[in-house]
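These are the residues of each chain, in order.
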Amino acid sequence: MRSASAGTAGCLELEVVRGSVVESRHRVHGVVADHSGTTLRWGNPDLRIWLRSAAKPFQALPLIEDGAADHFGLSEEEIAICCGSHNSEEAHIAVVRSMLAKAGVAERLLGCGPHPPLLAARRDAMARNGTLPTPVMSNCSGKHAGMLVLAAFHGWPLDSYLHLDHPAQRRMRDEIARWTGVDPAGMPSEADGCGVPTFAVTLRDLARGSARLAAACNSPGPARRVVRAMTRAPFMVAGSERLCTRLMEEERGRVFAKVGAEAIYMAGHLETGIGVAVKVEDGAWRAAPPTLLAVLDRAGVLSPGTMAAVADFAEPAVSNTLGNVVGRMRIREVPCS
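Residues numbered from 1 in each chain as written. Predicted model: local features only at pLDDT ≥ 70, side-chain atom pairs only at ≥ 80, totals over all residues. Heavy atoms only, no water.

Focus on the side chain of Asp 34
Part 1 of the reasoning: With respect to the helices and strands, Asp 34 occurs in strand E2 (residues 21-34).
Part 2 of the reasoning: Although Asp 34 is buried, it forms no salt bridge, and the closest oppositely charged side chain is Arg 212 at an N-O distance of 9.0 Å.
Part 3 of the reasoning: Among residues more than four places away in sequence, those in contact with Asp 34 are Thr 39, Ala 211, Gly 273 and Ile 274. (Helix = DSSP H or I, 4+ residues; strand = E, 2+ residues; numbered from the N terminus. Buried < 20%, exposed > 50% of the residue type's maximum accessible area, 1.4 Å probe, protein only. Lys, Arg positive; Asp, Glu negative; His and termini not counted. Salt bridge = Lys/Arg side-chain N within 4 Å of Asp/Glu carboxyl O. Contact = heavy atoms within 4.5 Å.)

So, the nonpolar core
Part 1 of the reasoning: With 108 residues, the main nonpolar core has Leu 206, Leu 213, Leu 247, Phe 256, Val 276 and Leu 292 as its most contacted residues.
Part 2 of the reasoning: At seven residues, the largest contribution of residues to this core is made by helix H11 (residues 288-299).
Part 3 of the reasoning: Those residues within four positions of Leu 206 in sequence are excluded, and the remaining contacts are Ile 49, Leu 51, Ala 54, Phe 58, Val 201, Tyr 265, Met 266 and Ala 277. (Core = buried A, V, L, I, M, F, W, Y, C linked by side-chain atoms within 4.5 Å.)

What to know about unusual backbone geometry
Part 1 of the reasoning: The backbone phi angle of Ser 88 is positive, close to 65°, even though this residue is not glycine.
Part 2 of the reasoning: Looking at where Ser 88 falls in the secondary structure, it is placed in the loop between helix H3 (76-82) and helix H4 (90-103).
Part 3 of the reasoning: Judged by its relative accessible area of 0%, Ser 88 falls in the buried class.
Part 4 of the reasoning: The backbone phi angle of Glu 241 is positive, close to 65°, even though this residue is not glycine.
Part 5 of the reasoning: Mapped onto the elements of the fold, Glu 241 is located in the loop between helix H9 (222-232) and helix H10 (243-251).

Points about the environment of Pro 135
Part 1 of the reasoning: Tracing the sequence through the fold places Pro 135 in the loop between helix H5 (120-129) and helix H6 (141-154).
Part 2 of the reasoning: C-alpha of Pro 135 to C-alpha of Ala 284: the two residues are 149 residues apart in sequence and 25 Å apart in space.
Part 3 of the reasoning: In this structure Pro 135 touches Leu 110, Cys 112, Pro 114 and Ser 141, once residues within four positions along its chain are discounted.

Overview of the sheet that holds strand E4 (residues 48-50)
Part 1 of the reasoning: The strand order E4-E6-E5 describes an open sheet built from three strands, whose pairing is antiparallel. Edge positions in the sheet fall to E4 and strand E5 (189-191), since each of these pairs with one other strand and no more. Between one strand axis and the next, the sheet turns by 30° as a mean value, whatever way the strands run.
Part 2 of the reasoning: In this sheet, strand E6 (residues 197-202) lies alongside E4 in antiparallel orientation, the contact comprising three bridges. When the sheet's bridge partners are listed, Trp 50 is paired in E6 with Ala 200. (Pairing = 2+ DSSP bridges. Axes fitted to C-alpha atoms, helices over the stretch in contact; angles between N-to-C directions.)

Re the pattern of salt bridges
Part 1 of the reasoning: Within this structure, the stated rule accounts for 23 salt bridges.
Part 2 of the reasoning: Glu 78 is paired through a salt bridge with Lys 102; the nearest N and O atoms lie 2.8 Å apart. Here the residue Glu 78 occupies a position in helix H3, and Lys 102 occupies one in helix H4, the gap between them amounting to 24 residues.
Part 3 of the reasoning: Exposure remark for Glu 78: the relative accessible area of 3% places this residue in the buried category.

Considering the state of the cysteines
Part 1 of the reasoning: For the coordinates displayed, the defined rule picks out one disulfide.
Part 2 of the reasoning: Here Cys 11 connects covalently by a disulfide to Cys 336, the sulfurs 1.9 Å from one another. On the sign convention where negative is left-handed, the bridge of Cys 11 and Cys 336, at about 110° about the S-S bond, is right-handed. Linking Cys 11 in strand E1 (residues 11-18) with Cys 336 in the segment after strand E11 (325-334), this pair joins segments that are 325 residues apart in sequence.
Part 3 of the reasoning: You can call Cys 11 buried: its relative accessible area is 13%. (Disulfide = S-S within 2.5 Å.)

Written out as C-alpha cells, the structure reads:
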C-alpha cells in the first residue's frame, strides 16, 4: 500500500468534462482500512451511509455459518448470487430458481418487487418481446432466495421473512454489526429498495468490515467460502458489462467487490487484508465505478494491468445520441473545502 497519513489525505471529485470545460462535478468519499482501522481516507470517513446492496456479502454468511448451504447442497454459483445485484440474465434467474428448488421453497414467496433488468440489452429485449419482469428477475432475488433458504433450514416462517423482527432479519443485523463493529442496538434500519431492512453505518465502519472479511479469508471458514464463491463465480455477483464482475475476473481471486444503491461500493484485497468503502455524496450511479477504481489504485492493491483492462470503467466516455464520444469522466484529488 502507498504510504499516506489518514489525517492529510485530500478529497476526491469526479469531473464530467466536455471539450475543455468541466460540465459537472460529484464529490466522493473513500476509506481504506486494515483490521486495526483507517489507513487512508478522502473526504469524510465518518459519513453515515445506508449499506443497501453492499451488505450482501455479510448477509450471505449465515447461510454458511448456520449450516444451511451444506444442508441443501448450495453450489458456489448459488452462494455468489446471494451476494449479487444481478442483471436478470437467464443464467442468474436459473441459479436463483435452483436454490429455491433445493430448499423446497416456492418462487411465489420471493418478496422482492419486480423491476426492469439493470442490463440495457436485456431490458430492451424484454420490452421488444413484451415480457414483464417478475420478482425472480429482481437484481436482489439472490439475496431474497438466500434469506428464504435460511428460514427454511431453521423452520422459521417463510411468508414474513422481510419483517425487521423476523429471525432471519435479526440474524442479518447481528452479522453486519459483528463485522463492522457497530452496536446493533444503535444501528438505524429502514426498508431497502427490495423490501428487506437495510442498516446504516459509517463509511469507516464499512471499510473496517470489508477489511475483516478480507483478512478472515486467510483461514478456513464462512468468510473464505463466501468470498471464494464471489471471486470464482463473479458473473453471478453482477453480470455482463458490470464492474463487480469485470474487476473480480481481472484480479483472479485477489480482490472482491460489491456495489450498493446510491453509489456506494465495498471491496477487499485478500493478500493484505485491506478493506475499501466509497460513497458518491449525491448518489450519482455514473460516478461509483471510477471512484472505486481510483481508491483501489491509490491504495496500491490492484495487480499490474488491471487499471488498463478496466479503463472503460475508470474513465468512462460521454457519448451523444449519435454514438460520438463528446467527453469523459475522470477522478481528481482536490483540497477539501
